[in-house]
Amino acid sequence: MSNIKQNASEEAEFAKPLYTPIKRRSFFMYAGATAGATALLLSGCDDDDNEIVTPDGTVNLGSGDVGVLNYAYALEQLEAAFYAQVKATPAADFSTLEKDYFNQVAAHEAIHRDFFKAAINRDAPGQIIPGLTPIFTSVDFTKRASVLATAKTFEDLGVAAYNGAGKYLKTPAYLVIAGQIVSVEARHAAYVRDLISNGSFANEEVIDANGLDKAMEPVDVVTAAQSFIKEKLDASKVGK
Amino acid sequence: MNILRIIEQLSEVDADVLGRFDSRRAVFKSLGNTAKMGALAAAPVFVSSLFSKAYGQTTTPSVIEVLNYALTLELLEEDFYKKMTAAGKVPAGAAAGAIATILKHETAHVKLLSDTIKALSGTPVTNKKFKASAFPADYPTQLVVAQALEDTGVRAYKGQAGNLMSNSALLQVALQIHSVEARHAAHIRGMRQQPAWIPASDSALPAPLGPVYTGGIREDNVIQSNVNITSQLGTPYSANDAAASFDEILTMAEVLDASRAGGLVQG
């Protein structure tokens, strides 16, 4: 009996250094993510790194793997802010189930945003882009149809963005993470599309004759998303 | 030789390094015992066996092997939807339309993968059929199997992405198929009044669905890249949202296991 106890305590003692280096990566220091309620006013707070934000206010997503992570973080910020607003002011013509499901989608996107923020701060300290300011003036959040149309745009764009960015990642673990997220975005896309028109989850608008979903280059995705973001984004070096 | 440093470095490139060992507890216990015995001289042997156990059984498959594995799954899916169509239980209208759309995509994937394997001077697998004895007679159970196949496909492609990093074009095509499978999975789940994404509770379902959501990394997992999503992001998130916001991989061996797709292949 005492033998078992002793083993257990030795086990815990020995395990300590193995846990420590992983936890020690200053994770908690950087993980202070903003709550969904303030997502519409994602504050730009980058005041000491003029490489990331140029004097004219352009946000440079950066190069290499960090560039890809910042690119994903930018898109997830946009999606998270959008669904936070959907959740805060749900369209009157949403059903109870739809409201519940969109609250879940809002949580998924907020998690993606907060995860990238934490991962970039941990793995590439000082290289994260600031919080972005979304522009949703084209969306009528009181109307289900307007919300669904915007959601479809964001989700299809997100899928195409991840599909096109995977090849730029050099770290296998990041590629797996991107793969773990993109399939959830594709599930969202299919759900939203079916709400707009049942059966359109994977129609010819998004899937080609080879049965392939879209894949878009970072600069093209940023061009498509730019009208929803106040800060000008520069994706020209992402993955390069 | 500092094993802790090695594991730390491995964790930088392989987020699941600890998950590869039988269990963290077992690893710590082994380490503890080794240290207790003072068998420092034996440490390299011990470390070597630890890593060959974690990584050894999965020597990196060739690109052709990965493509043939994907083709096997696509042939299985294609034949399943052909059988489903032929069985005549799918209601006309939206349901039949959706199954036709999905079948069309699986057929396109079979052709694309076969052509690609041939172009790379490989030999595409053929004649992989859905096991006739496992084909359900009733429509609701057919949808259960369809969900199992699609969600397995999503996990299977995801599990091979790392093995295609040497070829950007092939990696991108695999990703473009992967998200189509996820769209299929979402729609089939909707036909069964299930959420489009995978709730944590799915990992506890009975067979045939349960095994689709378990494995070395279960779909109810809430830890990504050493970050506990529920508690370490500044804002607390529910275990269900944490699990559903990230899909998980299955290894080739896990997919081909008899409890999953491997048990549905004829012969």
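Our subject in this report is the structure included herewith. Everything numeric in this text was worked out from a predicted model, so none of it was measured. (Residues numbered from 1 in each chain as written. Chains lettered and ligands numbered in written order. Predicted model: local features only at pLDDT ≥ 70, side-chain atom pairs only at ≥ 80, totals over all residues. Heavy atoms only, no water.)

Re the pattern of salt bridges
Going by this rule: Salt bridge, as applied in this entry: a Lys or Arg side-chain nitrogen positioned within 4 Å of an Asp or Glu carboxyl oxygen. Working definition: helices are DSSP H or I runs of at least four residues, strands are E runs of at least two. Numbering for both runs from the N terminus. Exposure is judged per residue with a 1.4 Å probe applied to protein chains only, and the accessible area is read against the type maximum: over 50% gives exposed, under 20% gives buried, and values in between give partly exposed.
Per the stated rule, a full pass over the model turns up 20 salt bridges over all chains. In this structure, A:Arg144 engages A:Glu98 in a salt bridge whose closest nitrogen and oxygen atoms are separated by 2.9 Å. Residue A:Arg144 is located in helix H5 (residues 144-165), and its partner A:Glu98 is located in helix H4 (residues 96-123); the two are separated by 46 residues in the primary sequence. Note that A:Asp156 is salt-bridged to B:Arg183, the shortest N-O span being 2.9 Å. Of this pair, A:Asp156 sits in helix H5 while B:Arg183 sits in helix H8 (residues 168-191), which puts the two residues in different chains. With relative accessibility at 0%, the residue B:Arg183 sits in the buried group. Within the structure, one salt-bridge network assembled from shared partners comprises A:Lys152, A:Asp156, A:Arg193, A:Glu205, A:Asp213 and B:Arg183.

Points about the environment of B:Ala239
Residue and element names in this part refer to chain B. Our working definition: By definition, residues are in contact when any of their heavy atoms lie within 4.5 Å.
Counting through the fold element by element, Ala239 comes out in helix H9 (residues 239-244). Judged by its relative accessible area of 44%, Ala239 is partly exposed. Here the alpha-carbon distance between Ala239 and Asn228, two residues 11 residues apart in the chain, equals 9.8 Å. Ignoring sequence-local partners within four residues, the contact set of Ala239 consists of Val222 and Thr230.

Here's the deal with H8(B)
Residue and element names in this part refer to chain B. Stated precisely, the cut-off is as follows: Residue count minus one, scaled by 1.5 Å, sets the expected span of a helix.
Over its 24 residues, H8 runs 35 Å from end to end, which matches the ideal 34 Å to within 8%, given 1.5 Å per residue. Among the 24 residues of H8, 20 are classified as buried, and the element is accordingly described as predominantly covered. Looking one or two places after H8, you find Gln193, whose phi comes out positive at around 55°.

Regarding the environment of A:Glu217
Residues and elements named next belong to chain A. Applicable threshold: Two N or O atoms form a polar contact when they lie within 3.5 Å of each other; inside protein one atom must be a possible hydrogen donor and the other a possible acceptor, and for residues adjacent in sequence the pair counts only when both atoms belong to side chains.
Tracing the backbone shows Glu217 in the loop between helix H6 (172-196) and helix H7 (218-225). C-alpha separation for the pair Glu217 and Ala161, spaced 56 residues apart in sequence, amounts to 6.7 Å. Within the structure, Glu217 has its side chain in polar contact with the side chain of Lys167 (distance 2.8 Å). Polar contacts involving the side chain of Glu217 include one to the side chain of Tyr168, which spans 2.3 Å.

Describing the packing of helix H6 (residues 94-119) of chain B against H8(B)
All names here are of chain B. Using the following cut-off: Axis definition: a line fitted to C-alpha atoms, limited for helices to the stretch in contact. Angles are taken between N-to-C directions and run from 0 to 180 degrees. For classification purposes, angles smaller than 35 degrees are called roughly parallel, those larger than 145 roughly antiparallel, those between 65 and 115 roughly perpendicular, and all remaining angles oblique. By definition, turning the near helix anticlockwise from the far helix through less than a right angle yields a left-handed crossing, and turning it clockwise yields a right-handed one. Three classes are used, and their members are as follows: Ala, Val, Leu, Ile, Met, Phe, Trp, Tyr, Cys and Pro are nonpolar, Asp, Glu, Lys and Arg are charged, and the others, Gly among them, are polar.
Packing of H6 against H8 brings their axes to within 11 Å, and their N-to-C directions diverge by 160°. Here H6 is positioned roughly antiparallel relative to H8, judged by the angle of their axes. In terms of crossing hand, the pair formed by H6 and H8 is left-handed. Residues Ala95, Ala98, Ile99, Ile102, His105, Glu106, His109, Leu112, Leu113 and Thr116 of H6 pack against Leu170, Val173, Ile177, Val180, Glu181, His184, His187, Ile188 and Met191 of H8. Classifying every residue of the contact of H6 with H8 gives 12 nonpolar, five polar and two charged.

Things to note about the nonpolar core
Note the threshold: We define the nonpolar core as a collection of buried residues of types Ala, Val, Leu, Ile, Met, Phe, Trp, Tyr and Cys that are connected through side-chain atoms lying within 4.5 Å of one another.
Ranked by size, the top nonpolar core spans 129 residues in total, and within it A:Tyr71, A:Phe82, A:Tyr83, A:Phe136, B:Phe80, B:Tyr81 and B:Met84 carry the most contacts. No other element matches the 13 residues that helix H3 (residues 64-88) of chain A contributes to this core. With six residues, the next largest nonpolar core counts B:Val144, B:Ala148, B:Ile198 and B:Val212 among its residues.

Considering the packing of aromatic side chains
All names here are of chain A. Formally: Only Phe, Tyr and Trp rings are paired, with Trp represented by its six-membered ring, and only when their centres lie within 6.5 Å; those with planes under 30 degrees apart are stacked, over 60 edge-to-face, the remainder tilted.
Using the criterion set out here, one finds 19 aromatic pairs over all chains in the structure. With 5.8 Å between their ring centres and 70° between their planes, Phe82 and Phe136 make a pair best called edge-to-face. Taken together, the positions of Phe82 in helix H3 and Phe136 in the loop between H4 and H5 put the pair 54 residues apart, joining distant regions of the chain. Each member of the pair, Phe82 as well as Phe136, carries the same accessibility label: buried. Ring geometry for Phe102 and Tyr191: centres 5.8 Å apart, planes at 50°, overall tilted. Taken as a pair, Phe102 in helix H4 and Tyr191 in helix H6 lie far apart in primary sequence, 89 residues in all. For the residue pair Phe102 and Tyr191, the accessibility class agrees, reading buried in each case.

From the geometry alone we can't say anything about function, so treat these as descriptive.
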